[in-house]
Amino acid sequence: MKTKSIYPLILIFVVSLFSSCFELVEEVTLNNDGSGEFEFTANLSQSKTKLKSIMLMDKINGHKVPSQADVTKEIVAICTLAKKTKGISKVSRSIDFENFIFSFKCQFDSVEALNSVVKNFRLSKKVTNKNHDKQFTYDKKKKILYRNFDAALKQEYTRLNAEDKKVFKGATYVSVYRFQKEVKATSNSKTKTSPNNKATMLKVNVLDVINKKSSLKNTIKLK
Amino acid sequence: MKFTKLVAIVILLCSSFSLFSQDFTSKIRDNALVVFTLNGDNILKKVPENEINISQLFYEFKREMRTDNINTMSDFGFKFNSSMVYAMEVDTNMLFNLFFMPIKDLTKFESMISEFSRNKVTTQKDGYKSVSNKRNTEHVVWNSEFAVFAFGYYTGSLYQYRYYNSSDDYNYYEENKAIEKVLKEDTANKLTVKEKSDRVDEILKKGYKLSYYDLNEEIPGEASNNEKVIEEEVIEEVEVMEVDNIPPPPPPPSVMEISEDVVEEVAIEAPSSSRRSYRKNNYYNDLYRKKSEINDYRRRIRNKIRNRRNDIREEKKNKLVKQIFDTRFNTIFNKDIAKSINSVSSFTKSKDKKADGVLWMRNDYFQNGMKSMMTSIFGYGYYGRRYRGGLLSNSLYSFGEDISITKLYFEKKGVRFTKESDNNEKSKKATNAIFSTKQDSRFLKYINGDKFIGYISSTFSSEAAIRELPNLWTSTYTQFSPEYREEMEVLADIMEVFMDEKAIGEMATGNAMFVLKDMKEKEVSYTSYQYDENYKRTKVQKTRTELQPEFLFMLTTKNESLLTRIMKLGIKNEVISQKGTYYTTQTKKSKLPMDFFFAIKDGIVFVTTDEIEIQTIVAGGNYKGITKKHRKLIEKNSQVVYFDSKKLVSYLPNESVRRRNIEEFMYFKENGFEEVLMTTKNQKGNLFSEGFMHTPKGENNSAMYIFEFLNGMIEIGRR
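Let me begin by describing the structure that accompanies this report. These numbers come from a predicted model, not from an experiment. Throughout, residues of each chain are indexed from 1 in the direction in which the sequence is written. All chains are assigned letters beginning at A, and all ligands numbers beginning at 1, according to the order in which they are written. At least 70 in pLDDT is required for a residue's local features to be given in this predicted model, at least 80 for side-chain atom pairs to be given and counted, and no such filter applies to totals for whole chains, interfaces and linings, which use all residues. For side-chain calculations, the full set of non-hydrogen atoms in the structure is used, while hydrogens and water are omitted.

**Focus on the overall build of chain A**
Helix numbers and strand numbers start at the N terminus; a helix is a DSSP run of H or I with at least 4 residues, a strand a run of E with at least 2. Helices and strands together make up the secondary structure of chain A, namely seven helices and 13 strands. Residues counted as buried form 43% of the 223 residues belonging to chain A. What makes two residues a contact is simply this: any of their non-hydrogen atoms within 4.5 Å. In chain A, the proportion of contacts linking residues at least 24 apart, taken out of those at least 6 apart, comes to 62%. About 11,700 Å² of surface is accessible on chain A, with carbon and sulfur atoms providing 55% of the total. Accessibility here uses a 1.4 Å probe with only protein chains present; expressed as a share of the type maximum, an area under 20% marks a residue as buried, one over 50% as exposed, and anything in between as partly exposed. Throughout, the Shrake-Rupley method with a 1.4 Å probe supplies accessible areas, and for residues the shown protein chains are the sole cover considered.

As structure tokens, then:
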């Protein structure tokens, strides 16, 4: 009788007790000249007990569990890539394994520079799909910020196994954009505009985005 | 006196007849690796045939088989209330899988076979009929009393596919030189490609011309005495199983052929910047084209020869396989086997009328048999994989087991299985040394009655394990890779030198117990965000409830001082902190999902998730102690795994299951097994394991319970 094999089973049992949840926050502060500040935060704090249990394992659902060092290395690599990108400055990061909150912050001369970071990251991972290269477009003359999003996530999602799919249950994505000028109109019906008309917020469920019930796509016209 | 003798003879004849009609084991050779006997009579008494006929399970089976002619079990024509036997036999050339089924109604059976074999031709032989697949690897063979479903794989080495076996004496370097020579001789380009190829053969002093075989079916060097080999290979009764040492896979095919192109391509693709190099390039291009023409011509003929060789090899292999099968069927239906499996004492001892199923297995040979089968199915691709499978499939408990016997009983109150091993002398010695310890009885007083979900109790001598295991691993590993015997022995010695078994044995004797006490809801804080009216983000602390396990782990130590020093080191590095007389992982640096509390007291290391419990332990508080039933189990066995399945499953949140499976999950929660118990103990160097799964209260027939449970699951699945 292999009692040895019981221990990982107990760990898996423990892991299955904790539901997972995470929130992704994208914040852009856009100046009139097209420059600005970008911050992206992944907050997995709600699932920290589960993540701490998972971090004790070698593998879960057939995937290798990255160590803290692996995760840190990956975030540092993104920061290094951003620092090397023309038009990107003041790159900073925050890594918190106690609460599982990770963030990346930088300043940009134009949204094109931000797009370059995304593209360079894609190239560093040898991904050939160019669909995500242009995340933002800013038309200075027309004073319109375009948040582009045309990802066919459903197909990728369908390929995942049932256990992996559970990760997205309850996950949210928040986009907050701040401007120096007032907002005239937004295209995404789920967008809220602040009382001072200088900020917008879009909060959607990740699963809805995957299933195309919601989208991050937005066109924000400024006065 | 004479009359009594006569009666005795009649009784003996009757019983031997009934044995003959039902006991197929006399038809199984003594080189069998696996024999599984299913006691149909026992099972049908527990789950009657008429119940099966109207069950969802049978309905599903009929649906899968897509037949209208089978409406009841009896339509198969089998005698289900008799023993059915499966056997795996291996000899030098073949691995046989034989499934023996008694026949009740020959007409029904033959009509079923005719339907399922899609009207394949039935061959009438001496004493039996048979239907086979095209490659002669699958057969159904029967007479009026019983049928044998047989399939097998050729495991011999003579006809195994090997790239270089089917290739001719091709030498790239020699041939390339010869081609260059021919091209130099024929600068005017007057020779045809065939003539050039013939000239290459002349230069290489081959005894044949490759072009000759372009239009002929004949192939070079094909010996006509292969038929003789076949005759020699058919061995009727092979007593000792030998599995060929299959050499490692050949290097990837066609490398040599590809490389010549690559070499040339590199040469012609050199950058040219002047007229001279342009001319030079042209020269190389032309040379390359001419060489390619000859090469392509010769390669095409070679491929044809190679394919033909493979076809011939395959034909011969199939012929041999057919012959071997025919010989085997002849012994089953027309002859008595000189040495049947019944001559193996452990097999005869394993027979048990009360058991519903008995699996007798020659463990070490079984692995070799599986290895041969896998190599035969997957070819050389399996060669690398088999090491992994072989080593991983061995645990401490199956090292050196010669024979294992597993029995299954569907009892009134639950399903029981037993597994006994028959170890070799070396393993017996090691098992005795490792598994002769008793569990630390002091553990039991820290458990509160039977207020737990489950526990694992384990006792063994860690000192003996460290001393014995390197050698056992060595002998197991070298079974798979004898070429590394020396290296493994040196490694075992090094392990012995570096591992101080006495010191380790003192630190952790090998007595340990894990008790899963409860699952409790706990409030856990987490960070989230809130946004002001202008969507400025600020961090907020929120709480949520999570279900967390409560457990107690105990470990005996004889070296408290060393462990205390380790704890102090943990405090120094802020991995743990001290709270009076106990320790905790409640530190900033903790990477653990929940808080743990430790204490070392009276030679026992305690680890728990419950702070009150650790405080009670260090204060010398009293517990009720484990119940008598479990105490007995723990005291008598080396390993005990017990869990209340129903209790355990009740804690699993419904959200952890996919929505589409929720009904099945709820059904399982309500109707699944109750307690599950597994024990292992040492019996004179052999390990004896026993498992018992309790059926829910009120059930008095575990076979019927499983049958109904499966039917319920199928019904839900169909909704």
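Structure shown, so let's carry the discussion forward.
**Brief notes about the side chain of Thr85(A)**
Residue and element names in this part refer to chain A. As for its position among the elements, Thr85 is in the loop between helix 3 (68–84) and strand 5 (88–96). Among the polar contacts listed, one links the side chain of Thr85 to the side chain of Asn120, at a separation of 3.5 Å. What Thr85 contacts, discounting residues up to four positions off in sequence, is Ala113, Ser116, Val117 and Asn120. As used in this structure description, the phrase polar contact means that two N or O atoms lie within 3.5 Å; if the pair is within protein, one of them must be able to donate a hydrogen and the other to accept it, and residues adjacent in sequence are counted only when both atoms belong to side chains.

**Quick notes on helix 23 (residues 702–718) of chain B**
Residue and element names in this part refer to chain B. A helix is expected to reach a length of 1.5 Å times the quantity of its residues less one. Taking 1.5 Å as the rise per residue, helix 23 with 17 residues should run 24 Å; its terminal C-alpha atoms sit 24 Å apart, in good agreement. Those residues of helix 23 that fall on the buried side of the exposure criterion are Ser702, Ala703, Met704, Tyr705, Phe707, Phe709, Asn711, Gly712, Ile714 and Ile716. Where helix 23 begins, one side-chain oxygen reaches toward the backbone nitrogen of Ala703, 3.2 Å away; that side chain belongs to Asn701.

**Topic: the packing of helix 6 (residues 172–185) of chain B against helix 7 (residues 193–203) of chain B**
Residues and elements named next belong to chain B. Running from N to C, helix 6 and helix 7 point in directions that differ by 125°, and their axes come no closer than 9 Å. As the angle between them shows, helix 6 and helix 7 are arranged oblique. Between helix 6 and helix 7 lies a crossing whose hand is right-handed. Residues Glu175, Ala178, Ile179, Lys181, Val182 and Glu185 of helix 6 form the contact with helix 7, whose own contacting residues are Lys196, Arg199, Val200 and Ile203. Charged means Asp, Glu, Lys or Arg here, nonpolar means Ala, Val, Leu, Ile, Met, Phe, Trp, Tyr, Cys or Pro, and polar covers whatever is left, Gly included. Taken together, the residues of the contact of helix 6 with helix 7 sort by class into five nonpolar, no polar and five charged. Throughout, an axis means a line fitted to C-alpha atoms (over the contacting stretch in the case of helices), and angles, computed between N-to-C directions, take values from 0 to 180 degrees. For classification purposes, angles smaller than 35 degrees are called roughly parallel, those larger than 145 roughly antiparallel, those between 65 and 115 roughly perpendicular, and all remaining angles oblique. In this scheme, a crossing is called left-handed if the near helix is turned counterclockwise away from the far one by less than a right angle; it is called right-handed if the turn is clockwise.

**Re the packing of aromatic side chains**
Here is the rule: rings of Phe, Tyr and Trp (six-membered ring for Trp) pair when centre to centre is within 6.5 Å. Planes less than 30 degrees apart are stacked, more than 60 are edge-to-face, and the remainder are tilted. This model, assessed by the stated rule, comprises 39 aromatic pairs over all chains. Aromatic side chains Phe24(B) and Phe146(B) sit 5.3 Å apart centroid to centroid with 55° between the ring planes, which places their arrangement in the tilted category. In this pair, Phe24(B) sits in the loop between helix 1 (2–22) and strand 1 (32–39) while Phe146(B) sits in strand 7 (residues 146–154), placing the two residues 122 residues apart along the sequence. In this pair, the class of Phe24(B) matches that of Phe146(B), namely buried. Following the ring pairs from residue to residue traces out a cluster consisting of Phe24(B), Phe96(B), Phe100(B), Tyr128(B), Phe146(B), Phe325(B), Phe329(B) and Phe333(B). Placement of a charge over a ring requires the Lys NZ or Arg CZ to be within 6 Å of the ring centre, with the centre-to-atom vector within 35 degrees of the ring normal. Directly above the ring of Phe136(A) sits Arg147(A), whose terminal nitrogen or CZ lies 5.0 Å from the centroid.

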